[in-house]
Amino acid sequence: SGGSAGASAVYYHIDRVAEDLDLESGQVLGLPDAGFFLDLKDKDGVDCWPAQMKSLFDLIGYKDLHAGCLERFPQEPWRCLYPENYVGLISTPMLALNSFYDSSELTYTLRLDCCPGGCGDKQPTCAGHELDLFQAMREEHRQAWAPLAAKNGSGVWAPSCVAHTMAWGRWEDAAWEVP
C-alpha cells in the first residue's frame with residue numbers, strides 16, 4: 001500500500017512485488033490511496049504537471065516502471081507514469097482508493113483556483129471553464145478506472161469528495177464511518 005506518490009509506486013511495482021515474493025500460500029494485494037494521476041493539461045491548456053513528471057523521469061530513467069506498460073509503449077515510456085495507460089495490464093488484485101475529485105489533481109494538474117460551492121469559503125466558487133474541468137474529472141476517472149473495476153478480485157472505492165489520500169489517519173475516524 002501507499003498514499004499519493006506511494007500509491008503511484010503501488011501501480012508501478014505491484015506485479016513485480018508479487019512475482020518476486022512468489023508466495024506458496026497467501027496472496028499479494030494492492031491498496032493504493034490516491035496516486036492514480038491522469039495525464040491532463042491545465043486550465044490554460046498547458047501540459048504543466050505531466051511535463052514536470054516527464055522531465056524528472058527523462059533524468060532518472062523509466063526502466064523500473066510497469067514492465068507490461070514499457071512493452072506497450074517502447075517509444076513513449078513516459079506514458080507509463082500514468083496508470084490509465086496500463087491499469088488493465090496489472091494482474092495483482094487491488095482495491096484502489098481515490099476521490100473522483102482528487103485535490104492534488106485539481107490544484108497541481110488542472111491548476112484550478114476554485115472549488116464548487118467555495119469549499120466553506122476557503123476558495124472562490126468555480127464557474128465557466130474551471131467548473132467544466134472540475135465536473136469532467138468524474139468521467140475521466142471513471143473511464144480510466146474501468147479496466148481495474150472490471151477485474152475479478154479488484155475494485156475501486158471512489159467517493160465524490162474533494163480529497164487527496166483518504167486512509168491516512170482516518171481508519172478510526174467516526175466522521176468517515178459508513179452507517
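These lines cover the structure that appears in this document, whether it is placed above or below.

Cut-offs and rules
Each chain carries its own residue numbering, running from 1 in the direction its sequence is written. Per-residue local features of the predicted model are confined to residues with pLDDT of at least 70, and side-chain atom pairs are confined, for both listing and counting, to 80 or more; whole-chain, interface and lining totals are unaffected and use all residues. As a rule here, side-chain values come from all non-hydrogen atoms in the structure, and water together with hydrogens is ignored. Our working definition of a disulfide is a cysteine sulfur pair at a distance within 2.5 Å. To qualify as a helix, a DSSP run of H or I must reach at least 4 residues; to qualify as a strand, a run of E must reach at least 2; elements of each kind are numbered from the N terminus. To sort residues, take the accessible area from a 1.4 Å probe on protein chains only and compare it with the maximum for the residue type: under 20% means buried, over 50% means exposed, and anything in between is partly exposed. Patch members must show over 30% relative accessible area and no salt bridge, and they are joined within 9 Å when carrying like charges or within 5 Å when they are nonpolar side chains of Val, Leu, Ile, Met, Phe, Trp or Tyr. Using a 1.4 Å probe, accessible areas were evaluated by the Shrake-Rupley method; residue-level cover was limited to the displayed protein chains. Just to be clear on terms, a salt bridge is a Lys or Arg side-chain nitrogen sitting within 4 Å of an Asp or Glu carboxyl oxygen. Positive charges come from Lys and Arg, negative ones from Asp and Glu, while His and the chain ends are left out of the count. In plain terms, the charge of a residue is placed at NZ if it is Lys, CZ if Arg, CG if Asp and CD if Glu. Ring pairs shown here join Phe, Tyr and Trp side chains whose ring centres sit within 6.5 Å, with only the six-membered ring taken for Trp; geometry is labelled stacked below 30 degrees between planes, edge-to-face above 60, and tilted in between. Only lysine NZ and arginine CZ atoms are considered, and such an atom sits over a ring when it is within 6 Å of the ring centre and within 35 degrees of the ring normal. Residues adjacent in sequence count toward polar contacts only when both atoms are side-chain atoms; beyond that, a polar contact is any pair of N or O atoms within 3.5 Å, and within protein one must be able to donate a hydrogen and the other to accept it. Here, two residues are considered to be in contact whenever any of their heavy atoms come within 4.5 Å of each other.

Counted under the stated rule, the structure contains 2 disulfides. Disulfide partner of Cys114: Cys126, at an S-S distance of 2.0 Å. The S-S bond linking Cys114 to Cys126 shows a torsion near 90 degrees; that makes this disulfide right-handed. Separated by 12 residues along the polypeptide, Cys114 in the loop between α4 (103-109) and α5 (128-149) and Cys126 in the loop between α4 and α5 bring together distant segments of the chain. For the pair shown, Cys114 and Cys126 are each scored as buried. Here Cys48 is not cross-linked by a disulfide; its sulfur's nearest cysteine counterpart is in Cys114, at 16 Å.

Attention shifts here to a negative patch on the surface. Taken together, the side chains of Glu19, Asp20, Asp22 and Glu24 make up a negatively charged region of the molecular surface. For Glu19, a relative accessible area of 64% corresponds to the exposed category.

Moving on, we get to the packing of aromatic side chains. One pass over the structure, following the stated rule, counts 6 aromatic pairs. An angle of 50 degrees between the planes, with centres 5.2 Å apart, marks the rings of Phe100 and Trp145 as tilted. With a gap of 45 residues between them, Phe100 in the loop between β3 (95-97) and β4 (101-102) and Trp145 in helix α5 connect regions that are remote in the sequence. With relative accessibility at 11%, the residue Phe100 sits in the buried group. A connected cluster of aromatic rings, assembled from ring pairs, spans Tyr11, Phe36, Phe100 and Trp145. In this structure, Lys54 is placed above the aromatic ring of Trp78, and the distance from its NZ or CZ to the ring centre is 3.8 Å. Stacked on the ring of Phe100, the Lys or Arg Arg138 has its end atom at 4.1 Å from the ring centre.

Following the sequence through the fold, Asp33 ends up in strand β2 (residues 32-33). For Asp33, a relative accessible area of 3% gives the class buried. Only 2.8 Å separates the side chain of Asp33 from the backbone nitrogen of Met166, close enough to count as a polar contact. Once residues within four sequence positions are removed from consideration, Asp33 is found in contact with Gly2, Gly3, Ser4, Ala7, Leu97, Thr165, Met166, Ala167 and Trp168.

Now for the pattern of salt bridges. The full count for this structure, using the stated rule, is 8 salt bridges. Here Asp64 and Lys63 are joined by a salt bridge, their closest N and O atoms 3.4 Å apart. Between Arg79 and Glu76 there is a salt bridge, with the nearest N and O atoms lying 3.1 Å from each other. With relative accessibility at 23%, the residue Arg79 sits in the partly exposed group. Relative accessible area serves as the criterion here: at 31%, Glu76 is assigned to the partly exposed category.

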